[in-house]
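Architecture and fold: a report
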Amino acid sequence: VAGTLWIEISASFLILVPIKKVQKFAAVVGILLQVVILLSGNYNFFNLLTIVLYLTLFGDTLYQKKKAKPSRGERLEVSPLIAKSGRIGAAYQFLN
């Protein structure tokens, strides 16, 4: 019990550190603890909610796919929003 409380308290404070690697470490530790509690007890719903909260520390990097860098002859795609705004939009329309 004391170990569980120590991990929960330390992981909670590590979330507040403004270094992304420390926050991700705290999320991994917290998720592992919640999974162990899930497997040993009947607090499933609250553990799942806590895991979802920890997953937010990973940000978009957890959900985005890595885009390959374009090769030399390949043309870069410009989003329509950027294409219609400012100098980039004028150059984009001029070249097309």
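The following paragraphs examine the structure supplied in this document. Since the model is a prediction, treat every value here as computed from it, not as a measurement.

Moving on to the packing of aromatic side chains. In the structure shown here, the tally under the stated rule is one aromatic pair. Taking 6.0 Å as the distance between ring centres and 70° as the angle between the ring planes, the aromatic pair formed by Phe-45 and Phe-46 counts as edge-to-face.

Moving on, we come to a nonpolar patch on the surface. A cluster of nonpolar residues, Val-1, Leu-5, Ile-9, Phe-13 and Leu-16, forms a patch on the protein surface that exposes about 600 Å² of accessible area. Mapped onto the elements, Leu-16 comes out in the loop between helix H1 (2-14) and helix H2 (20-40). On the basis of relative accessible area, Leu-16 is assigned to the exposed category, the value being 65%.

This brings us to the packing of H1 against H2. Direction vectors running N to C along H1 and H2 enclose 150°, while the axes themselves pass 9 Å from each other. The orientation of H1 with respect to H2, classified from their angle, is roughly antiparallel. Every pair of crossing elements has a handedness; the one defined by H1 and H2 is left-handed. Here Thr-4, Ile-7, Glu-8, Ala-11 and Leu-14 of H1 lie close against H2, whose contacting residues are Val-22, Gln-23, Phe-25, Ala-26, Val-29, Leu-33, Gln-34 and Ile-37. Looking at side-chain class alone, the contact of H1 with H2 contains nine nonpolar, three polar and one charged residues.

Criteria and thresholds
Residues numbered from 1 in each chain as written. Predicted model: local features only at pLDDT ≥ 70, side-chain atom pairs only at ≥ 80, totals over all residues. Heavy atoms only, no water. Phe/Tyr/Trp six-rings, centres within 6.5 Å; stacked < 30°, edge-to-face > 60°. Patch = residues over 30% accessible without salt bridge, like charges linked within 9 Å, V, L, I, M, F, W, Y side chains within 5 Å. Areas by Shrake-Rupley, 256 points an atom, 1.4 Å probe, with all protein chains shown as cover. Salt bridge = Lys/Arg side-chain N within 4 Å of Asp/Glu carboxyl O. Helix = DSSP H or I, 4+ residues; strand = E, 2+ residues; numbered from the N terminus. Buried < 20%, exposed > 50% of the residue type's maximum accessible area, 1.4 Å probe, protein only. Axes fitted to C-alpha atoms, helices over the stretch in contact; angles between N-to-C directions. Parallel < 35°, antiparallel > 145°, perpendicular 65-115°, else oblique. Left-handed = near helix turned anticlockwise from the far one by under 90°. Contact = heavy atoms within 4.5 Å. Nonpolar A, V, L, I, M, F, W, Y, C, P; charged D, E, K, R; others polar.

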